[in-house]
Amino acid sequence: MSIDKNAIKLIVTDIDGTLGPVSTDRINEEYYEVIAKLQDRGIIFGAASGRPCDALERLFAPVKDRMFFLSDNGARGVYQGRELYADAMTLADCFALVEDTRNLEGCQCVWQTSGKTYFEKGDEEIYKIMTESMHYSGELVNNLMEVTIPALKYTVYHPEDAEKATEGEFSEKWKVDHQLVCAGHNFMYVMNLEANKGNGLAKIQEYLNITKEETMAFGDNINDLEMLGNAAYSYAVGDAREEVRQAARFTAPPMTQDGVLQILKTLL
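These numbers come from a predicted model, not from an experiment. (Residues numbered from 1 in each chain as written. Predicted model: local features only at pLDDT ≥ 70, side-chain atom pairs only at ≥ 80, totals over all residues. Heavy atoms only, no water.)

### Digging into the pattern of salt bridges
No. 1: Counting across every chain of the model gives 18 salt bridges.
No. 2: Note that Arg-58 and Asp-54 form a salt bridge whose closest N and O atoms lie 3.2 Å from each other. A residue pair is termed a helical-turn pair when its members lie 3 or 4 positions apart in one helix, as Arg-58 and Asp-54 do in helix α2 (residues 53–59) at 4 residues.
No. 3: The class for Asp-54 is buried, based on a relative accessible area of 18%.
No. 4: When salt bridges with common partners are traced through the structure, they connect Asp-14, Lys-197 and Asp-224 into a single cluster. (Salt bridge = Lys/Arg side-chain N within 4 Å of Asp/Glu carboxyl O. Helix = DSSP H or I, 4+ residues; strand = E, 2+ residues; numbered from the N terminus. Buried < 20%, exposed > 50% of the residue type's maximum accessible area, 1.4 Å probe, protein only.)

### Description of the nonpolar core
No. 1: With 55 residues, the main nonpolar core has Ile-11, Val-12, Phe-60, Met-216 and Leu-264 as its most contacted residues.
No. 2: In terms of residue count, the dominant contributor to this core is helix α1 (residues 30–40) (5 residues).
No. 3: Apart from the residues within four sequence positions on either side, Phe-60 is in contact with Ile-15, Leu-19, Ile-27, Tyr-32, Ile-35, Ala-47, Met-67 and Phe-69.
No. 4: Of all hydrophobic cores here, the second largest spans 39 residues; its members include Val-98, Met-134, Trp-174 and Tyr-189. (Core = buried A, V, L, I, M, F, W, Y, C linked by side-chain atoms within 4.5 Å. Contact = heavy atoms within 4.5 Å.)

### Some words on the sheet that holds strand β11 (residues 187–192)
No. 1: The mixed open sheet is built from 6 strands, whose spatial order is β8-β7-β6-β9-β11-β10. Every interior strand has two partners, whereas the edge strands, β8 (138–141) and β10 (178–183), have only one. On average, each strand axis in the sheet is inclined to that of its neighbour by 25°, with strand direction left out of account.
No. 2: As paired strands, strand β6 (residues 108–112) and strand β7 (residues 117–120) are joined by 2 bridges and run antiparallel to one another. The residue bridging Gln-112 from the neighbouring strand is Thr-117, located in β7.
No. 3: Relative to β6, helix α4 (residues 124–133) is tilted by about 45°, and along the sheet it contacts β6, β7, β8, β9 (153–157) and β11. (Pairing = 2+ DSSP bridges. Axes fitted to C-alpha atoms, helices over the stretch in contact; angles between N-to-C directions.)

### Details of the sheet that holds strand β3 (residues 68–71)
Backbone hydrogen bonds hold the strands of a sheet together, and the pairing may be parallel or antiparallel.
No. 1: With mixed pairing, 8 strands are arranged side by side in an open sheet as β5-β4-β3-β2-β1-β12-β13-β14. Only two strands of the sheet have a single neighbouring strand rather than two, namely β5 (82–86) and β14 (250–252). In this sheet, neighbouring strand axes are inclined to one another by 20° on average, regardless of whether the strands run parallel or antiparallel.

### Here's the deal with helix α3 (residues 91–102)
No. 1: The terminal C-alpha atoms of α3, which comprises 12 residues, lie 17 Å apart, in line with the 16 Å expected from a rise of 1.5 Å per residue.
No. 2: Along α3, the residues that are buried comprise Cys-94, Ala-96, Leu-97, Val-98, Asp-100 and Thr-101.
No. 3: Those residues of α3 that are buried lie in contact with β6, β9, α6 (169–174) and β11. (Expected span 1.5 Å × (residues − 1).)

### Considering unusual backbone geometry
No. 1: One non-glycine residue, Asn-209, adopts positive backbone phi at about 60°.
No. 2: Secondary-structure assignment places Asn-209 in the loop between α7 (197–208) and β12 (215–219).
No. 3: A positive phi angle, close to 50°, is found at Asp-258, a residue other than glycine.

### Structural notes on the environment of Ala-36
No. 1: With respect to the helices, strands and loops of the structure, Ala-36 is situated in helix α1.
No. 2: When the C-alpha atoms of Ala-36 and Tyr-157 are compared, they prove to be 34 Å apart, with 121 residues separating the residues in sequence.
No. 3: Every residue in contact with Ala-36, bar those within four places of it in the chain, is listed here: Val-63 and Arg-66.

### Observations regarding the packing of aromatic side chains
For any pair of aromatic rings, the description rests on two quantities: the centre-to-centre distance and the angle between the ring planes.
No. 1: In the structure shown here, the tally under the stated rule is 8 aromatic pairs.
No. 2: Look at Tyr-233 and Phe-250: their rings are 6.5 Å apart centre to centre, the planes differ by 15°, and that puts the pair in the stacked class. Residue Tyr-233 is located in strand β13 (residues 233–237), and its partner Phe-250 is located in strand β14; the two are separated by 17 residues in the primary sequence. Residue Tyr-233 shares its accessibility class with Phe-250, and that shared class is buried.
No. 3: We note Lys-153 situated over the ring of Tyr-189; from NZ or CZ to the ring centre the distance is 3.8 Å.
No. 4: A cation over a ring is seen here: Lys-203 above Tyr-85, with NZ or CZ 4.1 Å from the ring centre. (Phe/Tyr/Trp six-rings, centres within 6.5 Å; stacked < 30°, edge-to-face > 60°. Lys NZ or Arg CZ within 6 Å of the ring centre and 35° of its normal.)

### Structural notes on the pairing of β13
Each regular strand shows side chains that alternate between the opposite faces of the sheet.
No. 1: The buried fraction of β13 amounts to 5 of the 5 residues, a majority that puts the element mostly inside the structure.
No. 2: Burial along β13 is two-sided: Tyr-233, Tyr-235 and Val-237 and Ser-234 and Ala-236, pointing in opposite directions, are all buried.
No. 3: Bridge count for β12 against β13 is 4 bridges, and the pairing is parallel. Pairing of Phe-218 across the sheet is with Tyr-235, part of β13.
No. 4: Here β13 runs beside β14; their pairing, made up of 3 bridges, is parallel. By the bridge assignment for β14, Val-237 is matched with Ala-252.

Next comes the structure, spelled out in structure tokens:
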């Protein structure tokens, strides 16, 4: 399949592992210049990430005003500062997730709402990573069971292997009626069943009247698969997981070589 540069009207990219290392606090500043040029040409640019919208806006500050964001792993969509949708879980499910995470060895809890991300005292490791490196607006609370705002996305953090730490009883229970997906080695996301980057992208496409055939997408991990499936021009970066490289139609150079930036430049 060849690339028709004139057909592309919308571009969306993952962040962690795709534009930069997982938990990165910055991206190559040349991205801002290239994104602005694409925007000037009428191409709509967006970011899809497990990060909350406010963190994404800070990361893309120079160009954020014309962007869309699929935050919270697709559970929330914002375009030019306007919220288009939000898919929060029930409080009962959030409380049950906290209880189940407490039974997992070495795991920490992240309760992510549309306004703030909550962490429990004792889980300072992930609190520091997300607030100091990933631009999260976070708050440490004594007990997550006292939070009254439902989470858009709940994250189980493990310092080495979240996928392995949550396998078995936890995964079997929650994957029945929720979206359960890993992002990098350290994060296991739990959302409502229909909340993912692919469904979020479909909502943005419908809102903007842009088709799959006019869409380009970039990703590296399992939580990007649905998004890549909703874009005719789907790219896995060269250092993506094997499943992602098999699913994508094209392969970009590795993230370590700013592969997405290289592809974007070919559109100018």
